[in-house]
Amino acid sequence: MKGTSQRWFDHLTPTDRALLSRAAGEAGVPPPEAATNSHALARVLSHPATFQLVFASPEDALLPPETEPQLVPASPFLTFALVVHRSWADLQSASHVEEWVGARQRLPVLGGDDLRDFLAADDRRLFLTELLSSYTRVTSGSAWVHTTRGWRRHRYSELDPVRLASMLEFVPEEERPGVYRRLGDLALFLTGVFPDHTELHGLRPLDEGRLLRLSGLPAEPEGQAGLGGTGGAVALLERLGKRWYRLASRTMRHPVTGTMTVVAEMADHFSAARRSLNYMTDRHLFPYRAGWFGREAS
């Protein structure tokens, strides 16, 4: 089983490594250490100079003049690793954070200690980086499934929670943990990176009911009114996301990988993970979302 440290380096391309080597000196880290030591790598990723190297403006001498802002000379993994670590570094001196409280609504909240604590764990930062990277190219398509009415074509998409959850009705038992895991990822992605769109467009009552049924959850959580509770679509998906991550960790066969250990943590820390992504999106990702996400691979 690979440790968290090695997994950081496994994702980096030769271009990524060259960029990090250029930035290591600014962060006070010898380039060889940045290529072999995860703590040194975190220092480089958190440094403002590294972020500016990748998120440079078209006028910056480091990029050709015709380069658009969202076209950066780095892999998606390195790009999002920088967003995660730059946000973590920002939080160290933040006296308050802008909290998402509703569609197009943010309120300043004092503190941010829980977000700092959440992102302090190396494996959680890796988890969020891998999550964001995974949605730069999502899978969609169709498959033939056998039902009581014969063979039928089932369409699916990793960006559609209803169609993705419906796979639970026909995939073999040993494949369900993977579907639960991806459902949890999708709930976290939608509520963390696109909370306004998720809240405004939501889900149809029929779809909400189907998701709750397939997840084994009651229609009305205690103390909340309606299928989605008082918080709307984001609150509903947060509730479902916790459930999906918990089911993924409970149904996974042993031995449990390091990644699945973090999945179990996400079930208990979903709110902190979602709010961390809200913070990253509002502060650093917002201008680049359309360029990075939504590309499908059939």
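The structure displayed is predicted, hence computed values, not measured ones. (Residues numbered from 1 in each chain as written. Predicted model: local features only at pLDDT ≥ 70, side-chain atom pairs only at ≥ 80, totals over all residues. Heavy atoms only, no water.)

Once that is clear, we can look at the overall build of the chain. A tally of helices and strands in the chain yields 16 helices and 5 strands. The proportion of buried residues among the 298 residues of the chain is 49%. Sequence-distant contacts, at least 24 apart, represent 67% of the contacts inside the chain between residues at least 6 apart. Within the structure as shown, the chain displays about 14600 Å² of accessible surface, and the carbon and sulfur contribution to it stands at 52%. (Helix = DSSP H or I, 4+ residues; strand = E, 2+ residues; numbered from the N terminus. Buried < 20%, exposed > 50% of the residue type's maximum accessible area, 1.4 Å probe, protein only. Contact = heavy atoms within 4.5 Å. Areas by Shrake-Rupley, 256 points an atom, 1.4 Å probe, with all protein chains shown as cover.)

One pass over the full model with this rule turns up 10 aromatic pairs. Ring centres 4.4 Å apart and planes at 10° place the aromatic pair F51 and F55 in the stacked group. Across the pair, F55 and F51 agree in class, each one buried. Between F127 and Y245 the ring centres are 6.1 Å apart and the planes differ by 70°, which places this aromatic pair in the edge-to-face class. Of this pair, F127 sits in helix α8 (residues 122-134) while Y245 sits in helix α13 (residues 232-251); the two residues are 118 residues apart in sequence, bridging distant segments of the chain. Under the relative-accessibility criterion, F127 is labelled buried at 2%. Overall, Y245 belongs to the buried group, its relative accessible area being 0%. Through a chain of ring-to-ring contacts, three or more aromatic side chains come together here, namely F80, Y135, F189, F194, W292 and F293. The ring of W88 has R125 lying over it, and the distance from NZ or CZ to the ring centre is 3.9 Å. Against the face of Y135 rests R182, its NZ or CZ located 4.2 Å from the ring centre. (Phe/Tyr/Trp six-rings, centres within 6.5 Å; stacked < 30°, edge-to-face > 60°. Lys NZ or Arg CZ within 6 Å of the ring centre and 35° of its normal.)

Moving on: the packing of helix α10 (residues 176-193) against helix α15 (residues 270-285). Two elements in contact, α10 and α15, have axes separated by 7 Å at closest approach and are oriented at 45°. Taken together, the axes of α10 and α15 are oblique relative to one another. Pair α10 / α15 crosses with right-handed handedness. Counting all contacts with α10, which are made through G184, A187, L188, T191, G192 and V193, the residues of α15 involved are F270, A273, R274, L277, N278 and T281. For the contact of α10 with α15, a count of residues per class yields 6 nonpolar, 5 polar and 1 charged. (Axes fitted to C-alpha atoms, helices over the stretch in contact; angles between N-to-C directions. Parallel < 35°, antiparallel > 145°, perpendicular 65-115°, else oblique. Left-handed = near helix turned anticlockwise from the far one by under 90°. Nonpolar A, V, L, I, M, F, W, Y, C, P; charged D, E, K, R; others polar.)

Next up on the list: the side chain of S276. Mapped onto the secondary structure, S276 falls in helix α15. Excluding its chain neighbours within four sequence positions, the residues that come into contact with S276 are L115, F118, L119 and L128.

Our focus in this paragraph is the packing of helix α6 (residues 76-92) against α15. Axis separation between α6 and α15 bottoms out at 10 Å; the angle between their running directions is 100°. Taken together, α6 and α15 sit at an angle that is classed as roughly perpendicular. Where α6 abuts α15, its residues F80, V83, V84, R86, S87, D90 and L91 lie against Y279, M280, R283, H284 and L285. Tallied by class, the residues present in the contact of α6 with α15 amount to 7 nonpolar, 2 polar and 3 charged.

Structurally, the position occupied by R43 is in helix α4 (residues 38-46). Owing to a relative accessible area of 48%, R43 belongs among the partly exposed residues under this scheme. Between the C-alpha atom of R43 and that of A89, which follows or precedes it by 46 residues, the distance is 9.5 Å. Contact partners of R43, with chain neighbours within four places excluded, come to A27, G28 and V29.

Attention now moves to the environment of V263. Of note, V263 is situated in helix α14 (residues 258-268). Taking relative accessible area as the criterion, V263 reaches 0% and is therefore assigned buried. Apart from residues lying up to four places away in sequence, V263 is in contact with F127, R181, Y245 and A248.

Here the focus is the pattern of salt bridges. Evaluated as defined, the whole model comprises 19 salt bridges. A salt bridge links R283 to D90; its shortest N-O distance comes to 2.8 Å. Of this pair, R283 sits in helix α15 while D90 sits in helix α6; the two residues are 193 residues apart in sequence, bridging distant segments of the chain. The exposure class assigned to R283 is partly exposed, which follows from its relative accessible area of 48%. We note a salt bridge from D113 to R116, for which the minimum N-O separation is 2.2 Å. On the criterion of helical spacing, the pair formed by D113 and R116 is a turn pair, its members being 3 residues apart in helix α7 (residues 113-119). One salt-bridge network, held together by shared partners, links E158, R181, R182 and D185. (Salt bridge = Lys/Arg side-chain N within 4 Å of Asp/Glu carboxyl O.)

Moving on, we get to α10. Taking 1.5 Å of rise per residue, 18 residues should cover 26 Å, and α10 covers 25 Å from first to last C-alpha, within 8% of that figure. Burial analysis of α10 places 15 of its 18 residues in the buried class, which makes it a mostly covered element. (Expected span 1.5 Å × (residues − 1).)

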